[in-house]
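# Examining the three-dimensional arrangement
The residues making up each chain are set out below.
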Amino acid sequence: MTIRIFEDDAALAADVAQEMVKLVQEKPDAVFCLATGESPMRTYAAMVQLAKEKDVDFSSVNFIGLDEWVGIPRSNPGSCYHFLHERIFQPLGIQESQIYLFDGMAADLQSQCTRMNDHIAQLGGIDWMLVGIGMNGHIGFNEPGISWDKRVHVADLAPITQTVGQKYFQSEMVLKQGLTMGVQHILEARTVALLANGVRKAAIIQSVLEGEVSNLLPASVLQQHANALVFLDREAASGLKNSCFFTT
Ligand code: F6R
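### Looking at the pairing of strand 3 (residues 62-65)
Residues Asn-62 and Ile-64 line one face of strand 3 and the alternating positions Phe-63 and Gly-65 line the opposite face, and both faces are buried. Alignment of strand 2 (residues 31-34) against strand 3, held across 4 bridges, turns out to be parallel. Within the sheet, the bridge partner assigned to Phe-32 lies in strand 3 and is Phe-63.

### Quick look at the site of the ligand
Taken together, 16 residues sit near the ligand, with Ser-39, Asp-67, His-138, Tyr-168 and Lys-201 positioned nearest. Between the ligand and His-138 there is a distance of 2.7 Å, counted from an oxygen atom to a side-chain nitrogen or oxygen. Within the side chain of Tyr-168, a nitrogen or oxygen atom sits 2.5 Å from an oxygen atom of the ligand. Out of a free accessible area of 410 Å², the ligand has 94% covered by protein chains.

### Digging into the pattern of salt bridges
Scanning all chains against the criterion turns up 9 salt bridges. Two residues, Glu-19 and Arg-4, come together in a salt bridge whose shortest N-O distance is 2.9 Å. Of this pair, Glu-19 sits in helix 1 (residues 9-26) while Arg-4 sits in strand 1 (residues 2-6); the two residues are 15 residues apart in sequence, bridging distant segments of the chain. With relative accessibility at 18%, the residue Glu-19 sits in the buried group. Several salt bridges share partner residues, and in doing so they unite Arg-4, Asp-15 and Glu-19 into one network.

### Section: the packing of aromatic side chains
Enumeration over the complete set of coordinates arrives at 8 aromatic pairs. Ring geometry for Phe-32 and Trp-128: centres 6.1 Å apart, planes at 55°, overall tilted. Of the two residues, Phe-32 sits in strand 2 while Trp-128 sits in strand 6 (residues 128-131), which places them 96 residues apart along the sequence. By relative accessible area, which is 1% here, Phe-32 ends up buried. Overall, the relative accessible area of 4% leaves Trp-128 in the buried class. Where Tyr-44 meets Phe-83, the ring centres are 6.2 Å apart and the plane angle is 75°; that geometry is what we call edge-to-face. With Tyr-44 in helix 2 (residues 41-53) and Phe-83 in helix 3 (residues 80-92), this pair connects stretches of sequence that are 39 residues apart. For the pair Tyr-44 and Phe-83, a shared accessibility class is recorded, and that class is buried. An aromatic cluster of three or more residues is present, and its members are Phe-32, Phe-63, Phe-89 and Trp-128. The side chain of Arg-87 reaches across the aromatic face of Phe-83, ending 4.8 Å from its centre.

Scoring rules and cut-offs
Residues numbered from 1 in each chain as written. Predicted model: local features only at pLDDT ≥ 70, side-chain atom pairs only at ≥ 80, totals over all residues. Heavy atoms only, no water. Buried < 20%, exposed > 50% of the residue type's maximum accessible area, 1.4 Å probe, protein only. Helix = DSSP H or I, 4+ residues; strand = E, 2+ residues; numbered from the N terminus. Pairing = 2+ DSSP bridges. Near = heavy atom within 4 Å. Polar contact = N/O pair within 3.5 Å; in protein donor to acceptor, adjacent residues only side chain to side chain. Areas by Shrake-Rupley, 256 points an atom, 1.4 Å probe, with all protein chains shown as cover. Salt bridge = Lys/Arg side-chain N within 4 Å of Asp/Glu carboxyl O. Phe/Tyr/Trp six-rings, centres within 6.5 Å; stacked < 30°, edge-to-face > 60°. Lys NZ or Arg CZ within 6 Å of the ring centre and 35° of its normal.

Have a look at this one:
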């Protein structure tokens with residue numbers, strides 16, 4: 001696990017954007033699996049801008065969604081589908097054939113999981129997964145208590161996730177379940193980038209990076225990932241006690 005700490009979120013975003021664009025230049029058919037939410041917003045904007053400035057060809061890149069809210073239509077601005085289209089796919093002119101996202105409105109959620117598992121296998125696995133961290137240490141919708149051996153699955157959302165998740169929606173929504181990559185796909189991704197910004201993430205970041213690995217804090221599993229990159233702004237890093245983590 002490598003931890004990079006930046007003065008602010010703009011510096012963090014610039015660095016992650018460079019990593020993403022560099023991967024596309026080196027591997028034009030790279031497979032990205034992307035989170036939504038507040039944490040990567042500036043990063044995605046920086047990535048789009050850099051890709052345009054450098055005129056990088058994204059036409060062979062594959063994109064997979066990390067997760068989706070069950071029961072939320074794709075047209076809802078709070079859906080992961082809408083978020084990724086608005087912030088990445090539309091600005092970069094990504095074709096639908098390059099995109100594979102969950103449908104939170106599907107009648108058969110189990111087949112959504114099977115199809116996503118098959119799709120990832122067909123693509124040969126995930127090259128670069130970008131995740132945020134929930135206030136309870138979740139990654140994707142892998143909530144505390146999750147078993148490590150899960151692949152794509154339907155998750156029951158923790159009460160705090162149901163509450164905090166309201167911030168993405170214009171009116172109150174029922175957020176009971178999510179479709180998500182499991183910890184197995186996270187561990188198998190060739191690179192996992194965890195992004196955290198803001199002082200509200202300081203305590204949970206300290207626990208998952210400096211505490212014991214435990215399924216009660218799902219993001220702590222990244223301590224066991226061979227190629228986990230953790231990008232923190234100074235505020236999110238402010239709870240860390242071990243100064244040898246300060247690698248930038
Ligand atoms: C969203 C996702 C979630 C978020 C996490 C942090 O696709 O997978 O795990 O990354 O809840 O959310 P923000 O970034 O809004 O603080």
